[in-house]
Amino acid sequence: MTPGGGAERLLVVDDEATVRELLSAALRFAGFEVSAAANATEAVAAATEQPPDLVLLDIMLPDMDGFDVVRQLRAQRPDSRSGPVPVLFLTARDGQADKVTGLSLGADDYVTKPFDLAELIERIRAILRRTTGQHTGMLTVGPLALDAEGHQVTREGRPVRISPTEFRLLHYLMANAGIVVSKAQILDRVWEYNFGGDASIVDTYISYLRRKVDTEEPKLIHTVHGVGYVLREPRR
């Protein structure tokens, strides 16, 4: 639910009228408030006028691609305390390069067409649970600090800008500092997949985190081969 207690607002962006209308109807039936856009220009305008709780975004749009839409949305809200608007790519483009591009822009999920509607709705709800829920508290591990309420991360006092999904992953690793967590545990607690998500997304986001919070010594995020990952304080 949104802070005011109403239904979560979704923005469906797809240039195929049939897909847009059927998906919008199904999502309304599932309890969401839904608006729709047929192209990138309409999508950016709609998201600017009334920011949705989540955008379902096709990549192949007639005026610009979905990647550029995300770049524009991110540029509009770079310092929002609530973080960028969550985005789920819903597209026929199933190439690994496209998926990596989408996730590297900070998208929260990437689903290819054709898709299972029940699974899509569960993914939407999982994203909303982890993006609209409020974390509390301050976590510190070595030179790394995470302010859950302020949605801020610093390393040795210097701010580090990370996406909402990266923030949730880092929060989970720091809350379990010194404990090796498996990919399955991370999927369950960070992505909240209860239908079996693609474990490769964990490796992808660990890589993103390392590039932002672990670019200097001492390294804090470690791979335990065959088991998972652990974030631990530097050895003395």
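The rules behind these values
Residues numbered from 1 in each chain as written. Predicted model: local features only at pLDDT ≥ 70, side-chain atom pairs only at ≥ 80, totals over all residues. Heavy atoms only, no water. Helix = DSSP H or I, 4+ residues; strand = E, 2+ residues; numbered from the N terminus. Contact = heavy atoms within 4.5 Å. Areas by Shrake-Rupley, 256 points an atom, 1.4 Å probe, with all protein chains shown as cover. Buried < 20%, exposed > 50% of the residue type's maximum accessible area, 1.4 Å probe, protein only. Arc of directions from axis to C-beta. Polar contact = N/O pair within 3.5 Å; in protein donor to acceptor, adjacent residues only side chain to side chain. Pairing = 2+ DSSP bridges. Axes fitted to C-alpha atoms, helices over the stretch in contact; angles between N-to-C directions. Right-handed = clockwise from strand over helix to strand, strands pointing away. Salt bridge = Lys/Arg side-chain N within 4 Å of Asp/Glu carboxyl O.

- You'll find the chain entered in an unreviewed UniProt entry as Two-component system, OmpR family, response regulator, with Amycolatopsis marina given as the organism.

## Here's the deal with the overall build of the chain
In step 1: Looking only at helices and strands, the chain has 8 helices and 12 strands in total.
In step 2: A separation threshold of at least 6 residues defines the contact pool for the chain, and within that pool the share at least 24 residues apart is 60%.
In step 3: Per element, the accessible surface of the chain, about 11,300 Å² overall, is 50% carbon and sulfur.

## Comments concerning helix α3 (residues 66-76)
Given 3.6 residues per turn, any residue in an α-helix points the same way as the ones three and four places further on.
In step 1: All of the buried residues along α3 are Gly66, Phe67, Val69, Val70, Leu73 and Arg74. Buried residues in α3, looked at end-on, bunch into an arc of 155 degrees, giving them a common side.
In step 2: Buried positions along α3 lie against α2 (40-49), β3 (54-57), β4 (87-91) and α4 (96-104).
In step 3: At the N-terminal end of α3, a side-chain oxygen is found 3.0 Å from the backbone nitrogen of Phe67, two or three residues along, and the residue is Asp65.

## Examining the sheet that holds strand β5 (residues 109-112)
In step 1: Read across the open sheet, the 5 strands follow the order β2-β1-β3-β4-β5; overall the sheet is parallel. Edge positions in the sheet fall to β2 (33-37) and β5, since each has one partner strand and no second. The sheet shows a mean angle of 20 degrees between the axes of neighbouring strands, taken without regard to direction.
In step 2: Pairing geometry for β4 and β5, over 4 bridges, is parallel. Bridge pairing in β5 links Phe89 to Tyr110.
In step 3: On the sheet, α3 packs against β3 and β4 and is oriented at approximately 170 degrees with respect to β4.

## Observations regarding the pairing of β2
In step 1: Of the strand pairs in this sheet, strand β1 (residues 9-13) and β2 are connected by 5 bridges, and their pairing is parallel. Opposite Val12, over in β2, you have Ala36 as the bridge partner.
In step 2: The β-α-β motif built from β1, the intervening helix α1 (residues 17-29) and the parallel element β2 has right-handed crossover chirality.

## Points about α4
In step 1: All buried positions along α4 are accounted for by Asp98, Lys99, Gly102 and Leu103. One face of α4 carries all of its buried residues, which in axial projection span an arc of 125 degrees. Opposite the buried face of α4, at more than 90 degrees from it, the exposed residues are Gln96 and Ala97.
In step 2: Next to the buried residues of α4 lie α3, β4, β5 and α8 (200-213).

## What about the pattern of salt bridges?
In step 1: Per the counting criterion, the structure on display carries 12 salt bridges.
In step 2: The shortest N-O distance in the salt bridge between Glu216 and Arg158 comes to 2.8 Å. You can see Glu216 sitting in the loop between α8 and β11 (221-224) and its partner Arg158 sitting in strand β9 (residues 158-160), a full 58 residues away along the chain.

## Remarks on the sheet that holds strand β10 (residues 181-182)
In sheet architecture, strand pairing relies on hydrogen bonds along the backbone and comes in two forms, parallel and antiparallel.
In step 1: Strand order in the open sheet made by the 3 strands is β10-β12-β11, with antiparallel pairing throughout. Among the strands making up the open sheet, the edge pair consists of β10 and β11.
In step 2: Two elements, β11 and strand β12 (residues 228-231), share 4 bridges in a ladder whose sense is antiparallel. Bridge pairing links His222 to Val230 in β12.

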